[in-house]
Amino acid sequence: MTFLENIFDRLKRAGAAPVMAEIRAGQIVNCSGADLLARIAQARQFLAAQGLKRGDRCALLAPNSIRWAALDLALMAEGIVVVPLYARQAPHELAGMLKDSSPAQIFCSDAALASAVRQHLPSAPNFTLIESVFVGSHADADRPPYHHADSDPLTIIYTSGTSGEPKGVILNSGNVNHMIPCTNGRLDQLMGTREPSEDQTDRIFHYGPFCFAASWVLLLTALSRNSILMLSTDLTKLSDELKLAKPHYFINVPIFLERVRRKIQDTVQQRGGIAAAVLPRAQRAFIARRDGKASTFVDTLAHALAKRTMFPAIRKSAVGPNLKALICGSAPLSAETQLFFVMLGIPVLQVYGLTETTAICTLDDPRRFEPGRVGPAVPEVEIKTAESGEIIVRGPNIFPGYWQRPAETAAALEGGWFHTGDLGDCDANGNWRITGRVKDLIILSSGHNVAPEAIENELANRLPEAQQVVVVGNQRSSLAVLLTTAASNGLKPAAVQSAIEAINDNLPHYKQVRAFRILSMPFTVEDGLLTTMGKLKRDAIAARCAAEIEAMYRKKPS
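Residues numbered from 1 in each chain as written. Predicted model: local features only at pLDDT ≥ 70, side-chain atom pairs only at ≥ 80, totals over all residues. Heavy atoms only, no water.

Undergrad: Give a detailed account of the packing of helix α1 (residues 3–14) against helix α3 (residues 66–77), specifying residues and quantitative values.
TA: Axis separation between α1 and α3 bottoms out at 11 Å; the angle between their running directions is 125 degrees. Between α1 and α3, the crossing angle belongs to the class labelled oblique. Regarding α1 and α3, the two cross each other, and that crossing is left-handed. Note on element contacts: α3 touches α1 through Leu-73, Met-76 and Ala-77, opposite Phe-3, Leu-4, Ile-7 and Phe-8. Taken together, the residues of the contact of α1 with α3 sort by class into 7 nonpolar, no polar and no charged. (Axes fitted to C-alpha atoms, helices over the stretch in contact; angles between N-to-C directions. Helix = DSSP H or I, 4+ residues; strand = E, 2+ residues; numbered from the N terminus. Parallel < 35°, antiparallel > 145°, perpendicular 65-115°, else oblique. Left-handed = near helix turned anticlockwise from the far one by under 90°. Contact = heavy atoms within 4.5 Å. Nonpolar A, V, L, I, M, F, W, Y, C, P; charged D, E, K, R; others polar.)

This is the structure we're talking about:
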């Protein structure tokens, strides 16, 4: 049975029980297994009426919703290849992906977005509003899905390359057939054995876009097990939605956990009193104990007090009473932040992978995980480091290739191993650690990938007085830029701000530059910051300018 056939079977068995939900205006709006099957059938009927056939490609351009999930499943059930796109991407970038994938039809969430994209791609096929797919009578909800062979493509997910030009990653049925049992196995370990009197349904909260591979794998995993997947519909109200959802677990990106940590610490400090004095002492005692060191009597007492009174209250307030663990991926999470939550009694489990690896290479074992590391390889997946230190992977999770890019596919899969572009190491227990990037791609703490060259070139064109332009932001929440100028030349802050604002207008939110710093001494070959060919030595620049970079991120964006 394929993963898709298993999902259809599970939805049928769920019947009137909820399997998905949307959180809207402070209310949970449920969708049962029977309801979701009916919507899938409705969408399949629409697809057939449009003349779409097996092997066609269709784009899905919309934020998360139950309808998104129903249409995605319907497309796959018809043997159609889904091209999911990020609704917050810049219209001209979306147009480029659509031109590359040449879908037979584009399903879009709203007319304004469709119009904005069409301005950049007049030749695009018809846009169909998703709401129109679910109008009319219901069709046969018992019709089984198309039985995919392992080699059949399911989706083309676009991911940024070092050149800044997105590449379409093809994932096939075999990739997903392997991955879903892996994720289910880890979640079974997390949830453990439950008493017969307990509710056996996993409560899952989710806010990440389904067009990202990790979110999509979570969607398929949730629909394949006894769970209810509750979707956020307003990112400005995540805290309130979390309290309403009361999840057992949910996927996060580092930036979210860092914000939660800062909010907890700031709230405690602002309230003052005993709590403000106890928390930092409790942290010191916790870290000392973990490192095998002695702590002062006062710090030890503070930790014991916090563990009995403060930490349970923080857990209940921040993440609800049911939480088993936070799951974090998309970018490296600092060990400091991970340990903060562990101190509170909230395990943080890390996942490492790329779109090309069906989102996952490693998964933390919830029974024994090491902060700062991302867990062992999933079953049947081999990971090792090449002589260069680059992490390379092979196994049934590895993608078959990039869409219409045979040369880049061959380079990525050289020697039968997928070359991740990441640096890392593995400890004696098989737990991997990610230490950096081989290439220059910037990975923000939100999980977004940004190739810096295009932004640097645009700024350099607008600011001829600048000698060098260097975009930074790896593992940060946003991008910032260092600019150098000769003292006699001069580079005015107002001009830099104006240039940044001009290019930000045409960029998606995660590619926008939020801060800058002007340096009066240009980088040179002699000072070790440029190669002999005049190219930037990014690691050396980051190390030399560490203080200036830190200052930019301490400064509030203007």
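There's more to say after this.
Undergrad: Lay out the sheet that holds strand β23 (residues 479–484) with the relevant residues and their values.
TA: Ordered by their spatial adjacency, 3 strands build an open sheet running β22-β23-β24, and the pairing between neighbours is mixed. Of all strands in the sheet, those with a lone pairing partner are β22 (468–472) and β24 (513–519), marking the two edges. When the angles between neighbouring strand axes are averaged without regard to direction, this sheet yields 20 degrees. Two strands pair when backbone bridges link them, and β23 and β24 are joined in this way by 6 bridges, in the parallel orientation. Each residue of the ladder has a partner; that of Leu-482, found in β24, is Arg-517. Against the sheet, helix α15 (residues 452–462) makes contact with β22, β23 and β24, and its axis sits at roughly 145 degrees relative to β22, the strand it touches most. On the sheet, helix α18 (residues 546–554) packs against β22, β23 and β24 and is oriented at approximately 135 degrees with respect to β23. (Pairing = 2+ DSSP bridges.)

Undergrad: Which residues make up the environment of Ala-74, and what values go with them?
TA: As for its placement among the helices and strands, Ala-74 is situated in helix α3. Through-space distance from the C-alpha of Ala-74 to that of Gln-45 is 9.1 Å; in sequence the pair is 29 residues apart. Discounting residues that sit within four places of it in the chain, Ala-74 has contacts with Ile-40, Ala-43, Arg-44 and Leu-47.

Undergrad: Can you break down the packing of helix α2 (residues 33–49) against α3 residue by residue, with the values?
TA: A pair of packed helices can be characterised by two numbers: the angle between their axes and the separation between those axes. The interhelical angle for the contact between α2 and α3, taken along N-to-C directions, is 55 degrees, at an axis separation of 8 Å. Relative to α3, the element α2 lies oblique. You can see that α2 and α3 cross each other, and the crossing is right-handed. Counted together, Leu-36, Arg-39, Ile-40, Ala-43, Arg-44 and Leu-47 of α2 and Ile-66, Arg-67, Ala-70, Leu-71, Leu-73, Ala-74, Leu-75 and Ala-77 of α3 form the full contact between these two elements. Along the lines of polarity and charge, the residues of the contact of α2 with α3 split into 11 nonpolar, no polar and 3 charged.

Undergrad: Quick one: what's the story with the layout of surface pockets, residue by residue and with numbers?
TA: Here the second largest pocket defines a volume of roughly 1,100 Å³. Going through the elements one at a time, α10 (254–271), α13 (335–343), β19 (432–437), β22, α17 (538–544) and α18 are the ones with two or more residues in the lining of the second largest pocket. It is α17 that provides the largest number of residues to the lining of the second largest pocket, a total of 5 residues. Here the lining of the second largest pocket is built from residues that sort into 18 nonpolar, 8 polar and 12 charged. (1 Å grid on protein atoms, 1.4 Å probe; cavity = no way out; pocket = protein on both sides within 12 Å on 5 of 7 lines; lining within 4 Å. Points joined across faces, edges and corners; volume = space filled by probe spheres on them.)

Undergrad: Describe in detail empty space enclosed by the protein, supporting the description with residues and values.
TA: Under the definition given, this model contains 2 cavities of 30 Å³ or more. In this structure, the second largest cavity encloses a volume near 40 Å³. When contributions to the lining of the second largest cavity are tallied by element, the ones reaching two or more residues are α10 and α12 (297–319).

Undergrad: Describe unusual backbone geometry, and please don't skip the residues or the numbers.
TA: Unusually for a residue other than glycine, Thr-358 sits at a positive phi of about 55 degrees. Along the chain, the position of Thr-358 falls in the loop between β13 (348–352) and β14 (362–363). Classification of Thr-358 as buried rests on a relative accessible area of 1%. In this model, Gln-404 sits at a positive phi of 55 degrees, which is unusual for a non-glycine residue. Summarising the element assignment, Gln-404 is placed in the loop between β17 (401–402) and α14 (406–412). (Buried < 20%, exposed > 50% of the residue type's maximum accessible area, 1.4 Å probe, protein only.)

Undergrad: An account of the pairing of strand β11 (residues 249–252) is requested, with residue identities and associated values reported.
TA: Note that strand β9 (residues 202–206) and β11 share 2 bridges and pair parallel. Paired with Phe-205 across the strands is Phe-250, a residue of β11.

Undergrad: So what's going on with the sheet that holds β19? Which residues, and what values?
TA: With respect to topology, 4 strands assemble into an open sheet ordered β15-β16-β18-β19, the strand pairing being antiparallel. The two strands at the open ends of the sheet, each matched to only one other strand, are β15 (382–385) and β19. For this sheet, the mean inter-axis angle between neighbouring strands, taken without regard to orientation, is 50 degrees. Where strand β16 (residues 390–394) lies against strand β18 (residues 418–426), 3 bridges are found, and the strand directions are antiparallel. Counted as the bridge partner of Glu-390 is Leu-423 from β18.

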